[in-house]
Amino acid sequence: MLDITVYKIAQIVLMARELDRAEAELRAFIDRLTEEEQASLVAVMWVGRGTFEAEEFDEARRTAYEEATTPCADYLIGTPHLSDHLENGLDALGLSASDDEDELIRGG
């Protein structure tokens, strides 16, 4: 289903919450993702934002991949409430990043 791990999404969620301090790190992290990972990441955000339903995830991912005209990092960093949308998208897909977020916060 996802072309990106929940762990990577958890990392992005944490960096997005600290955008004032971590924007450069977040931008570099997103830029290092493959195109497939970036498309999945955008699709998760769209599901969390309500642009697509969870059942339409494959369509959302395909749309994100085919219609990418802006660098992914620019698009996502410019999206208000990015971390909330990613968490909501994972929840809608029956996934959770909370354990991964806790591990990252503890320094795992």
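It should be emphasised that the depicted structure is a prediction, and the values quoted were computed from it without experimental measurement.

1. Overview of a negative patch on the surface
Step number 1: Taken together, the side chains of Glu53, Glu55, Glu56 and Glu59 define an acidic patch exposed on the protein surface.
Step number 2: Mapped onto the elements of the fold, Glu53 is located in the loop between α3 (35–49) and α4 (57–66).
Step number 3: Overall, Glu53 belongs to the partly exposed group, its relative accessible area being 48%.

2. Side note on α4
Step number 1: Restricting attention to buried positions, one finds in α4 the residues Phe57, Ala60, Arg61, Thr63 and Ala64. One side of α4 carries all its buried residues, which in axial view fall inside an arc of 165°.
Step number 2: If you follow the buried residues of α4, they end up packed against α3.

3. Comments concerning unusual backbone geometry
Step number 1: For His81, which is not a glycine, the phi torsion comes out positive at approximately 60°.
Step number 2: Tracing the backbone shows His81 in the loop between α5 (72–77) and α6 (82–92).
Step number 3: Among the residues examined, His81 registers a relative accessible area of 56% and is labelled exposed.

4. Section: the nonpolar core
Step number 1: By size, the foremost hydrophobic cluster in this structure holds 35 residues, and its most contacted members are Ile9, Ile12, Ile30, Leu41, Leu76 and Leu86.
Step number 2: Secondary-structure elements contributing two or more residues to this core are α1 (6–17), α2 (19–32), α3, α4, α5 and α6.
Step number 3: Examining the composition of this core, we find that 8 residues originate from one element, α3, more than from any other.
Step number 4: Among all residues touching Leu86, those that are not within four sequence positions of it are Ile9, Ile12, Val13, Leu41, Val44 and Met45.

5. Digging into the pattern of salt bridges
Step number 1: The full count for this structure, using the stated rule, is 7 salt bridges.
Step number 2: We note a salt bridge from Arg27 to Asp74, for which the minimum N-O separation is 2.3 Å. Residue Arg27 is found in helix α2, and its partner Asp74 is found in helix α5; the two are separated by 47 residues along the sequence.
Step number 3: Residue classification places Arg27 among the partly exposed residues on the basis of a relative accessible area of 25%.
Step number 4: The exposure class of Asp74 is partly exposed, given its relative accessible area of 37%.
Step number 5: A single salt-bridge network, built from bridges that share partners, covers Asp3, Asp58 and Arg61.

6. A word on the side chain of Ser40
Step number 1: Within the element layout of this structure, Ser40 appears in helix α3.
Step number 2: A polar side-chain atom of Ser40 sits 2.9 Å from the main-chain amide nitrogen of Asp3.
Step number 3: Ignoring anything within four residues of it in the chain, the contact list for Ser40 reads Leu2, Asp3, Ile4, Phe57 and Arg61.

Reading the values: rules and limits
- Residues numbered from 1 in each chain as written.
- Predicted model: local features only at pLDDT ≥ 70, side-chain atom pairs only at ≥ 80, totals over all residues.
- Heavy atoms only, no water.
- Patch = residues over 30% accessible without salt bridge, like charges linked within 9 Å, V, L, I, M, F, W, Y side chains within 5 Å.
- Areas by Shrake-Rupley, 256 points an atom, 1.4 Å probe, with all protein chains shown as cover.
- Salt bridge = Lys/Arg side-chain N within 4 Å of Asp/Glu carboxyl O.
- Lys, Arg positive; Asp, Glu negative; His and termini not counted.
- Charge placed at Lys NZ, Arg CZ, Asp CG, Glu CD.
- Helix = DSSP H or I, 4+ residues; strand = E, 2+ residues; numbered from the N terminus.
- Buried < 20%, exposed > 50% of the residue type's maximum accessible area, 1.4 Å probe, protein only.
- Arc of directions from axis to C-beta.
- Contact = heavy atoms within 4.5 Å.
- Core = buried A, V, L, I, M, F, W, Y, C linked by side-chain atoms within 4.5 Å.
- Polar contact = N/O pair within 3.5 Å; in protein donor to acceptor, adjacent residues only side chain to side chain.

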